[in-house]
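So the chains spell out like this:
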Amino acid sequence: MGRSSTDAAVGRVQIGAYWLEYRAERDDWSICWYDAAARTRRRRKTGIGGGSDDGPPEAAREALARHYLEASKPAAPQTKAAAVVPELMAVWLRDHVSTKEDPARYAISVQHWLRFFDRQRKLGHVINGVTVADVNNAFVDRFITFRKTEGVGGHTISRDLAALRGSLNHAWREELIEAAPFVKEVAAKDKAKPRDLIYTMEEVAALLEALWSRPERRHAFLYSMIALSTCGRSEAILDLHDHQLDRGLIFFLDPDRDQTSKRRSIVPIAPSLAPWLDGVTGKVIKFRAPIAEAKWADPAEPEYFERDCYDVGKAFEGALIEAGICKPLVNADGSPKMHPPRRKLGETAGRSMQKGKGTPNTLRHTIITEMHRRGVAEAQIDAASGHAGEGTNKRNYRHLRPDYLAELIAAVEDYWQEMRRFTTVHLRSHCGPSVVSLAAARADKRSGNG
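Rules and cut-offs
- Residues numbered from 1 in each chain as written.
- Predicted model: local features only at pLDDT ≥ 70, side-chain atom pairs only at ≥ 80, totals over all residues.
- Heavy atoms only, no water.
- Helix = DSSP H or I, 4+ residues; strand = E, 2+ residues; numbered from the N terminus.
- Buried < 20%, exposed > 50% of the residue type's maximum accessible area, 1.4 Å probe, protein only.
- Contact = heavy atoms within 4.5 Å.
- Areas by Shrake-Rupley, 256 points an atom, 1.4 Å probe, with all protein chains shown as cover.
- 1 Å grid on protein atoms, 1.4 Å probe; cavity = no way out; pocket = protein on both sides within 12 Å on 5 of 7 lines; lining within 4 Å.
- Points joined across faces, edges and corners; volume = space filled by probe spheres on them.
- Nonpolar A, V, L, I, M, F, W, Y, C, P; charged D, E, K, R; others polar.
- Pairing = 2+ DSSP bridges.
- Core = buried A, V, L, I, M, F, W, Y, C linked by side-chain atoms within 4.5 Å.
- Expected span 1.5 Å × (residues − 1).
- Arc of directions from axis to C-beta.
- Salt bridge = Lys/Arg side-chain N within 4 Å of Asp/Glu carboxyl O.

Participant: Please set out the overall build of the protein residue by residue, giving values where relevant.
Facilitator: Secondary structure summary: the protein contains 15 helices and 14 strands in total. The buried share of the protein, taken over its 450 residues, is 38%. At a minimum sequence separation of 6, the contacts of the protein that also span at least 24 residues come to 63%. Carbon together with sulfur atoms contributes 51% to the accessible area of the protein, which is approximately 24,100 Å² in total.

Participant: How would you summarise empty space enclosed by the protein if you had to cite specific residues and measurements?
Facilitator: Under the criterion given, the structure shown has 1 cavity of 30 Å³ or more. Considering only enclosed or pocket space, the largest cavity measures out at about 40 Å³ in volume. Every residue along the wall of the largest cavity is listed here: Cys231, Gly232, Arg233, Ala236, Phe252, Arg263, Arg264, Ser265, Arg364, Ala384, Ser385 and Gly386. Across the lining of the largest cavity, the residue classes break down as 4 nonpolar, 4 polar and 4 charged.

Participant: Describe in detail the pairing of strand S3 (residues 18–23), supporting the description with residues and values.
Facilitator: Side-chain direction in a regular strand flips from residue to residue, so the side chains alternate between the two faces of the sheet. Here 2 bridges tie strand S2 (residues 14–15) to S3, and the two strands are oriented antiparallel to one another. Each bridged residue has a counterpart across the sheet, and for Ile15 the counterpart in S3 is Tyr18. Turn length for the S2-S3 hairpin, with the two strands adjacent in sequence and antiparallel, is 2 residues, and the turn residue Gly16 shows positive phi of about 60°. The pairing of S3 with strand S4 (residues 28–35) spans 5 bridges and is classified as antiparallel. Looking at S4, one finds that Tyr22 is bridged to Trp29. Connecting S3 to the antiparallel partner S4 that follows it, the hairpin turn spans 4 residues, and Asp27 within it adopts a positive phi of roughly 45°.

Participant: Kindly report on the pairing of strand S5 (residues 40–45), identifying the contributing residues and their values.
Facilitator: Taken together, the 6 bridges between S4 and S5 define a ladder with antiparallel strand orientation. Paired with Ile31 across the two strands is Arg44, which belongs to S5. Once S4 ends, the chain turns through 4 residues before running back antiparallel as S5, passing Arg39 with a positive phi of about 55°.

Participant: Give a detailed account of the nonpolar core, specifying residues and quantitative values.
Facilitator: Ranked by internal contacts, the top residues of the largest apolar core, which has 61 residues, are Leu207, Ile226, Ile285, Met371 and Leu408. In this view, Leu207 contacts Tyr199, Phe316, Ala319, Leu320, Ala323, Ile325 and Leu363; residues no more than four positions away in its chain are not counted. Grouped together as the second largest cluster of nonpolar side chains are 30 residues, Val97, Ile144, Leu164 and Ile177 included.

Participant: Would you mind going over helix H14 (residues 406–419) in detail, with residue names and values included?
Facilitator: Given a rise of 1.5 Å per residue, 14 residues ought to cover 20 Å, and the 20 Å separating the end C-alpha atoms of H14 matches this to within 8%. Taken residue by residue, H14 has Leu408, Ile409, Ala411, Val412, Tyr415, Trp416 and Met419 as its buried positions. One side of H14 carries all its buried residues, which in axial view fall inside an arc of 160°. On its buried face, H14 is in contact with helix H6 (201–212), helix H7 (218–230), strand S8 (266–268), helix H11 (362–373) and helix H12 (378–385).

Participant: Account for helix H10 (residues 313–322), naming residues and giving values.
Facilitator: Taken together, the buried positions of H10 are occupied by Ala315, Phe316, Ala319 and Leu320. Angularly, the buried residues of H10 cover 135° about the axis, an arc narrow enough to put them on a single face. Buried residues along H10 sit against H6, H7, strand S11 (326–328), strand S14 (354–356) and H11. Directly after H10, the chain includes Gly324, whose backbone phi takes a positive value near 80°.

Participant: Describe the sheet that holds strand S6 (residues 245–246), listing the residues and the values that go with them.
Facilitator: Read across the open sheet, the 3 strands follow the order S6-S7-S8; overall the sheet is antiparallel. Of all strands in the sheet, those bounded by a partner on one side alone are S6 and S8. Relative to S8, strand S7 (residues 249–251) is paired through 3 bridges, and the arrangement is antiparallel. Paired with Leu249 across the two strands is Pro268, which belongs to S8.

Participant: Can you explain the pattern of salt bridges? Please cite residues and give values.
Facilitator: Here the structure, examined in full by the defined rule, presents 22 salt bridges. Put simply, Glu21 and Arg43 hold a salt bridge, and the shortest N to O gap is 3.3 Å. Here Glu21 is found in strand S3, whereas its partner Arg43 is found in strand S5, with 22 residues between them in sequence. The class of Glu21 is partly exposed, set by a relative accessible area of 22%. For Arg43, a relative accessible area of 35% translates into the label partly exposed. Residues Arg214 and Glu322 are paired through a salt bridge, measuring 3.7 Å at the closest nitrogen-oxygen approach. One end of the pair, Arg214, is in the loop between H6 and H7; the other, Glu322, is in helix H10, and 108 residues separate them in sequence. Given a relative accessible area of 38%, Arg214 falls into the partly exposed group. On the accessibility criterion, Glu322 (41% relative accessible area) is partly exposed. A single network of salt bridges, built from pairs that share partners, joins Glu370, Arg373, Arg374, Asp414, Glu418 and Arg421.

And the structure:
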């Protein structure tokens, strides 16, 4: 955005060539700048008073920032041939996406486009940077093919196309470009119905075992336990904090958020899930991995690296492949895509690349299907999954009833009881024996017994 400083004058708040100046006789903060062409200083009143000479109020600072952004815009909209798409995407991420609840999701799609742009340059489809003039149906078709060869489904590609469409439309609305080109949608036949796929009991058991088998996947394991015990939406589970766990209930809608069309529900904590949430502090879904054994000798070194997590896709994908819930990837010509041989392991031939079947959200479709199979009333399933809105009285008081979603929770417990035929991994403490054994090993190493 430029620099904010007090270099030019003591106490001056400045961004770029613009600064705030207080006029005490009018109790008004003005935005000032030097007009080189006219060799004079310009002033623009903000109508904001208060503060002190060296302490402008926040409203005046915001007015200065808005003025700087407006003045920094091009004098006239750029032509399609001059407007560089990556730059417009950067502006979109900064000025529009940053106000969204989870901007990282949009940024991921932009990263896919940047990879594609680089590939287009290498193939000679574009000479320099990709401009708005390059965006046409053939260009978009190449991107769709590019993503398909990576094993991505139609819905994900559609989300990526929305990122390009959104950034170009934003640039047009902000008068950065003369016009926004039409960005076609992915063909309907390529959009597989997301609810066609559900996991069997055997597949869920294998998936949970694969998630539990590695400490760096445990955050996805906890996500899966919550999803299969609540019918909750993915984004609601990933946003969950400890203050949303209260009186034996999960309040998927944070008190500081507004309800949207994708409703967030209130669901009782099932008995099989309760041990996994006991003692949780801060954000519920956290990535956690053990520190390397070489650092155990340092008493000050923590045993685990931990950070908040808003995506379980990578861990989930790895577990799907390990559990055998996957399919081979193919090239555009139908031939299988192959990993190069791992020479260090003595491999002489490559391995087939695999793509996991389904996504974390498939767990939601799976448990909703299981609830139907167990005869749970439609109203209870809708209430838990957020498919039905409720009036104010029901929304505020219904969850206080002793029998609230009792039928659904009984069915959830029946599901976990049936799961014992295939695995007992869901019955382990959320700390897990691996943590205990790691702590013991660390103590032995420090004492010289390891």
